[in-house]
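Structural characterization, general
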Amino acid sequence: MDISKPRQTVDESMNQLSLSPPDKPSFLTGTVRAPGSYSQPPKRALKPFASEDIKILLLENVNQSALGNLKEQGYQVEFLKSSLSEDELVEKIKGVHAVGIRSKTRLTRRVLEAADNLIVIGCFCIGTNQVDLEFAAERGIAVFNSPYANSRSVAELVIGEIICLSRQVGDRSMEIHYGEWNKVSNGCWEIRGKTLGIIGYGHIGSQLSVLAEAMGLHVVYYDVLPIMPLGSAKQLSSLHELLHRADFISCHVPASPETKNMISNAEFAAMKNGSYLINASRGTVVDIPSMIAASKSGKLAGAAIDVYPAEPAGNGKGKFADSLNSWTSELCSCRNIIMTPHIGGSTEEAQYNIGLEVSDALTRYINEGNSVSAVNFPEVSLRSLTEADTNVVRVLFAHKNVPGVLRQVNEILVNHNIKAQFSDSRGEIAYLVADISDCSSSSLETLHSRLESLPGKINTRLLY
Ligand SMILES: NC(=O)c1ccc[n+]([C@@H]2O[C@H](COP(=O)([O-])OP(=O)(O)OC[C@H]3O[C@@H](n4cnc5c(N)ncnc54)[C@H](O)[C@@H]3O)[C@@H](O)[C@H]2O)c1
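Rules behind the numbers
Residues numbered from 1 in each chain as written. Predicted model: local features only at pLDDT ≥ 70, side-chain atom pairs only at ≥ 80, totals over all residues. Helix = DSSP H or I, 4+ residues; strand = E, 2+ residues; numbered from the N terminus. Buried ≥ 20, exposed ≤ 12 C-beta atoms within 10 Å, placed from the backbone. Contact = placed C-beta atoms within 7 Å. Pairing = 2+ DSSP bridges. Axes fitted to C-alpha atoms, helices over the stretch in contact; angles between N-to-C directions. Domains from an automatic or database assignment. Right-handed = clockwise from strand over helix to strand, strands pointing away. Core = buried A, V, L, I, M, F, W, Y, C linked by C-beta atoms within 7 Å.

1. Looking at the overall build of the chain
Across its full length, the chain carries 15 helices and 18 strands. Residues classed as buried in the chain amount to 38% of the 464 residues present. Taking as baseline every contact in the chain between residues at least 6 positions apart, the subset at least 24 positions apart corresponds to 63%.

Given below as structure tokens:
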């Protein structure tokens, strides 16, 4: 089955086609192939020592894909549709091993102090500033998010906007909504054979490149890093060369001091007359007053803007106003400007994929201690243990990044054969994962209490 396509099903009651989320891609599930289908031996499922059943609290109606995934692991999952206040969380988080949130739940220092069993947090979204990341790391709590699961959704929106701008669809649609019939071809173009300039050739920029070439566009891109082109795209050595060559310019860079007002008066001056600008990256990247001037002078034939320097905290009428950004009304009065409320990544598929990605990260951390892609914690991974690894125990030890701790740990592990060991640090926190063999279940308690007694310890977990 082609996993890139959503399944089409016939909804009999409606007698029409409906879209259901795609099957869970196997690369996201970490699923082990059936024995015999591949030469790798089956993965051994590890159990936590000195810990009761894993309890997970999911808030803010995270996608059902996450709920299914976590229940499949046998965890006890409590699922709430809404967020909780700080006071409610302080009570609710007691005894919980993992908590899943979106952007509304604030995991403050006070909440984390009350979290007596918490080992991991999943942010089922892109941002993580709703969590006190530093304090979480100090408590040995790893935090995961999903920054790239919506890349395709953004790239698809941009493709749609390129066509809509080129055909002035936004203006025609608005006019006809108000009863005006305006059938014109003047200034309306096919996109085939035109040049798209992509600024920032990362996850989204490169997806866009592939889609754009399939539509007959020539693609050039500019990135601070040398990046292998996809298809026939060409990397250019300067931003100004791109601005000079492109008919459509699309920004896909992060917010940073270097990208603040990256497209301003000088950059509009360098563009071809009648070019189009798209920004679905971050609101600080394009200097909007300069863009309004370029639109009014005819330098720009159109623009599509999905992100703004200041954005309303919630949905509602009258929220996008001059009180938010002083130029709002002027921007709204420009011709052929498509404005959307930061919906580039807002699709059912993206939510579904975020649910899978973050719940997989939680599962890998809980079951194997794998912290790769954590946003606040040292990133450590050891290969999975297999059925052949009998009497092997995995030691997960988060500790203060101070001299001498590893020596003390290894003194405790010295009577075992260390099959594999990996340690890394991030700021003041270090994390060690070690697989030790010849470890009987009767020695686990002693091992656990000796590691727990080390002065630099943050938390200890043993998986066997
Ligand atoms: N509109 C939305 O809903 C939405 C959704 C997802 C992501 N985004 C935003 O889109 C942007 C791109 O996301 P991504 O996932 O592709 O990021 P990414 O990190 O994969 O790619 C960013 C690319 O920009 C390049 N870059 C950084 N600084 C640069 C500079 N000064 N000049 C040129 N290139 C530079 C990097 O080298 C990298 O290749 C981000 O700002 C992200 O926040 C928006």
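2. Comments concerning the sheet that holds strand β11 (residues 248-251)
The strand order across the open sheet formed by seven strands is β10-β9-β8-β11-β12-β13-β14, and the pairing between neighbours is parallel. Among the strands making up the open sheet, the edge pair consists of β10 (234-235) and β14 (337-339). Relative to strand β12 (residues 275-279), β11 runs parallel, the two being bridged by four bridges. Across the sheet, Cys251 pairs through a bridge with Asn279, a residue of β12. Running at roughly 145° to strand β13 (residues 300-305), helix α11 (residues 288-297) makes contact with β12, β13 and β14 of the sheet.

3. Thoughts on the domain arrangement of the chain
The assigned domain composition of the chain is domain 1 (41-148 + 350-368), domain 2 (152-339) and domain 3 (393-463). A straight line from the C-alpha centre of domain 1 to that of domain 2 covers 36 Å.

4. Here we look at the pairing of strand β5 (residues 98-101)
Residues in a regular strand point their side chains to alternate faces of the sheet. Residues Ala98 and Gly100 point to one face of β5 and Val99 and Ile101 to the other, with burial holding for every one of them. Sheet topology note: the strand β3 (residues 55-58)/β5 ladder contains three bridges and is parallel. Each bridged residue has a counterpart across the sheet, and for Leu57 the counterpart in β5 is Val99. When β5 meets strand β6 (residues 120-123), the two strands line up parallel, connected through four bridges. Each residue of the ladder has a partner; that of Ala98, found in β6, is Val120. Once the chain exits β5 it traverses helix α4 (residues 109-114) before rejoining the sheet at β6, and the crossover so formed is right-handed.

5. Brief notes about the nonpolar core
Within the largest apolar cluster, 65 residues are counted, with the highest numbers of intra-cluster contacts made by Val120, Ile121, Cys123, Ile141 and Val143. A domain split of this core shows at least three residues from each of domain 1 (41-148 + 350-368) and domain 3 (393-463). Beyond its immediate stretch of four places on either side in the chain, Val143 contacts Ile121, Cys123, Thr128, Val131, Leu133, Ala136, Ala374, Val375, Asn376 and Phe377. Membership of the second largest hydrophobic core comes to 50 residues, among which are Ala212, Val219, Val220 and Ile263.

6. Some words on the pairing of strand β9 (residues 218-222)
Summarising burial for β9: four of the five residues are buried, a large majority. Examined bridge by bridge, strand β8 (residues 195-199) and β9 share five bridges and lie parallel to one another. Across the sheet, the residue bridging to Ile199 is Tyr222, located in β9. With respect to chirality, the unit in which β8 leads through helix α8 (residues 203-214) into the neighbouring parallel β9 is right-handed. Note that β9 and β10 share two bridges and pair parallel. When the sheet's bridge partners are listed, Val220 is paired in β10 with Lys234.

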